Amino acid sequence: LPTHYTLPSGDKIPSVALGVWQAGRGEVGNAVKTALYAGYRHIDGAWIYGNEAEVGQALAESDVPRDQLWLTSKASCALLWNNYHAPEDIESVLDDSLSKLGTDYLDLYLIHWPVAFKKTGNNVLDEELTADPYPTWQKLEELVDKGKIRNIGISNFNIRRIENLTSNPLKYQPAVNQVELNFWNPQPELLKWSKENDLLLEAYSPLGSSTQVAKSLAVPEVKDIACKLGITPAQVLISWHVQRGTIVLPKSVTPVRVVENLHVFELPREDFDKLENAAASHPQKRVVNPSKGWKLPFDVFDGE
Ligand code: A2P
């Protein structure tokens, strides 16, 4: 299985990352140190996770040189976190992430959600900036040219929203789209479309997140394949993601699991197909969808 994928910039992004969403303060630092020690070189975080300072501290205490690390963060502007998407606000949010992480550039910076809130807070939708993320994107392009970000991408964008963005004259195409992908929500159409359009997907909540992980690991096909290959059910699922051609971002703060999750294995074709079919043959269900929580007048994933 690929250990890296090559982005349009030519940069090589490691296929397995440690995801740090829901990795709390007081535990995320150790998880990052365990990961780096085990051989991870890719940490996927975000400003809104509230743990970037502790991640930065762990990075500083490790002896991995910066140029061997892949650091992703997600902005919060009138399309980054959702009330910092306004083009004039992005740089200050980025600078805050940079200073917390203790670095002067990010390898990848994403628009966290295709939804912009007004700066007043309280999740009031900025309809104009939500309908047209191009000004936000242009600001990100500027920050690439300034040397603060090496690659830019999007997250939680459905096909309609991607096309809405890419119909503009972009200087840099989105390098990735980070979306929820797991056994319960495998999104085969989005995966197919993304491959046809040369847009790499990154799988968040690849095990089904904390609420569905136990169920994911107990899927009969997953257990059978694990038993047959002598690997763990989590390794079966993480390997499946890479074999589907996506980056995978498993989250764990448990050292033994952090180590386990880095080791992916090519599944025999029949087992891969069995898993793909099993994932497609139950009602598709998202594990993560904050649309209602944010009281959006639409479902952010509609039209996919
Ligand atoms: P923990 O962080 O307590 O170790 P996802 O990556 O889909 O978001 O899933 C994260 C959830 O899966 C967390 O609850 C995490 O628990 C758990 N988890 C991560 N890796 C493993 C593993 N190898 N075996 C069992 N559970 C895991």
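The shown structure was predicted, so the numbers you read here are calculated from the model rather than taken from an experiment.

About the criteria used
Residues numbered from 1 in each chain as written. Predicted model: local features only at pLDDT ≥ 70, side-chain atom pairs only at ≥ 80, totals over all residues. Axes fitted to C-alpha atoms, helices over the stretch in contact; angles between N-to-C directions. Helix = DSSP H or I, 4+ residues; strand = E, 2+ residues; numbered from the N terminus. Parallel < 35°, antiparallel > 145°, perpendicular 65-115°, else oblique. Left-handed = near helix turned anticlockwise from the far one by under 90°. Contact = placed C-beta atoms within 7 Å. Nonpolar A, V, L, I, M, F, W, Y, C, P; charged D, E, K, R; others polar. Pairing = 2+ DSSP bridges. pLDDT = per-residue confidence, 0-100.

### Overview of the packing of helix 1 (residues 28–38) against helix 11 (residues 255–262)
Then step 1. Between helix 1 and helix 11, the least distance of the axes is 9 Å, while the angle of their chain directions is 40 degrees. Considering their axes alone, helix 1 and helix 11 lie oblique with respect to each other. Two packed elements cross with a definite hand, and for helix 1 against helix 11 that hand is right-handed. Here helix 1 contributes A31, T34, A35 and A38 to the contact with helix 11, which in turn contributes P255, V258, V259 and L262.
Then step 2. Broken down by class, the residue content of the contact of helix 1 with helix 11 amounts to seven nonpolar, one polar and no charged.

### Digging into the sheet that holds strand 10 (residues 247–248)
Then step 1. The strand order across the open sheet built from eight strands is 3-4-5-6-7-8-9-10, with neighbouring strands paired in parallel fashion. With partners counted over all chains shown, the strands left at the sheet margins are strand 3 (18–19) and strand 10, one partner each.

### Describing the confidence of the model for the chain
Then step 1. Per-residue pLDDT for the chain has a mean of 93; in total, 95% of the residues score no lower than 70.
Then step 2. Here the predicted complex carries an ipTM of 0.99, next to a pTM of 0.96.

### Focus: the packing of helix 1 against helix 2 (residues 52–61)
Then step 1. At a minimum axis separation of 8 Å, helix 1 and helix 2 run at an interaxial angle of 35 degrees. Between helix 1 and helix 2 lies a crossing whose hand is right-handed. Between helix 1 and helix 2, the contacting residues are V28, G29, V32 and K33 on the first element and E54, V55, Q57, A58, L59 and E61 on the second.
Then step 2. Classifying every residue of the contact of helix 1 with helix 2 by side-chain character gives five nonpolar, two polar and three charged.

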